[in-house]
Amino acid sequence: MKVFISLDMEGISGLSEWEDVIPGRRHYEAGRRLLTQDVNAAIEGALDAGATHILVNESHGPMNNIILEELHPAADIIRGFFKPLCMMQGIDESFDAAFFVGYHGKAGTADAVLNHTLSGLAIHRLVLNGKEVGEAGLNAAVAGAFGVPVVLVTGDSQTAQEVEVDIPGVFTVAVKTGITGLSSQAIHPVRAREMIRKQAKEALLSRSHVQPIGQKAENTIEVEFTKSQFATAASWMPGVELIEGRTVRFHSNDLVSMMPVLQAMLMITGQVNRMITG
């Protein structure tokens, strides 16, 4: 039995501010340890349920935050930002289930800890097939394209509420509740990790009750950027249409093929931002 884990950081036990999750900031090293321990708890739960192969894809910031020598040895790992499927790199039809560990709420979710969608700098709103989604909703759809159900999501209580709507039947673990978006009331990390382990086991054993997200014959993604210059630059990509000052749209019958386009947009906006800010 194979399990795919997409690992973010803002929804990790006890983390509440950017100082916890940005490399070089004062609390980042402590945040890395908590990140590694949360994913280990999910791995242990998967093993308890009979998993025989576990692949972790690091999906936060530079995507190389885990303390490798402390990662559970049962797991393989994908690291690094430059990958076409971004947070879902490595997923394919051979996996029986997916976990999203340490996820956060979509941009604008009231009081969700460090809420944003893919890039707080660049993206104001992301709409997939007419519905606004966050990273969990988007990535669950990508998993669905491979026939893989997302059975577990961990993060704050606001994120749990979000994914329970976007992913019917999903198991969740709320390790904290956002107070202002930059503060939270958190369960002690030791207790939170035990919750993650137990729920990961239960989710995997109950995976037949969670269906993969259904796919559409034609897919549309609209990206509303924070700046018009980002949208203008993105619209120069073949197949990407500028539909108003800050928003672009693109279509495909294959959702998976749209992910590298989205990833390229993030890279373009980073370069444009450097031009704007000098």
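The rules we used
- Residues numbered from 1 in each chain as written.
- Predicted model: local features only at pLDDT ≥ 70, side-chain atom pairs only at ≥ 80, totals over all residues.
- Heavy atoms only, no water.
- Axes fitted to C-alpha atoms, helices over the stretch in contact; angles between N-to-C directions.
- Helix = DSSP H or I, 4+ residues; strand = E, 2+ residues; numbered from the N terminus.
- Parallel < 35°, antiparallel > 145°, perpendicular 65-115°, else oblique.
- Contact = heavy atoms within 4.5 Å.
- Pairing = 2+ DSSP bridges.

Caption draft 1: Examining the packing of helix α2 (residues 135–145) against helix α6 (residues 255–277) more closely. The N-to-C vectors of α2 and α6 enclose an angle of 140 degrees; their axes lie 9 Å apart at closest approach. Considering their axes alone, α2 and α6 lie oblique with respect to each other. The segment α2 lies against α6, with Leu138, Asn139, Ala141, Val142 and Ala145 engaging Leu255, Val256, Met259 and Leu262.

Caption draft 2: A look at the sheet that holds strand β1 (residues 2–7). Taken together, seven strands build an open sheet; the order of strands is β3-β2-β1-β4-β7-β8-β9 and the sheet is mixed. Strands with a single pairing partner mark the edges of an open sheet, and in this sheet they are β3 (75–78) and β9 (184–186). Within the sheet, the average angular offset between the axes of one strand and its neighbour, ignoring direction, is 20 degrees. Two elements, β1 and strand β2 (residues 53–58), share six bridges in a ladder whose sense is parallel. Each residue of the ladder has a partner; that of Ser6, found in β2, is Asn57. Contacting β4 (97–103) and β7 (150–156), α2 runs over the sheet at an angle of about 165 degrees to β4. Sitting on the sheet, helix α3 (residues 157–166) touches β4, β7 and β8 (171–178), and the angle it makes with β8 is about 145 degrees.

Caption draft 3: Representation of the sheet that holds strand β11 (residues 241–244) in the model. Here we have five strands laid out as an open sheet, ordered β6-β5-β10-β12-β11, and antiparallel in their pairing. Taken across any chain shown, the strands that pair with only one partner, and hence form the sheet edges, are β6 (131–132) and β11. Sheet topology note: the strand β5 (residues 123–128)/strand β10 (residues 219–225) ladder contains five bridges and is antiparallel. Paired with Ile123 across the two strands is Phe225, which belongs to β10.

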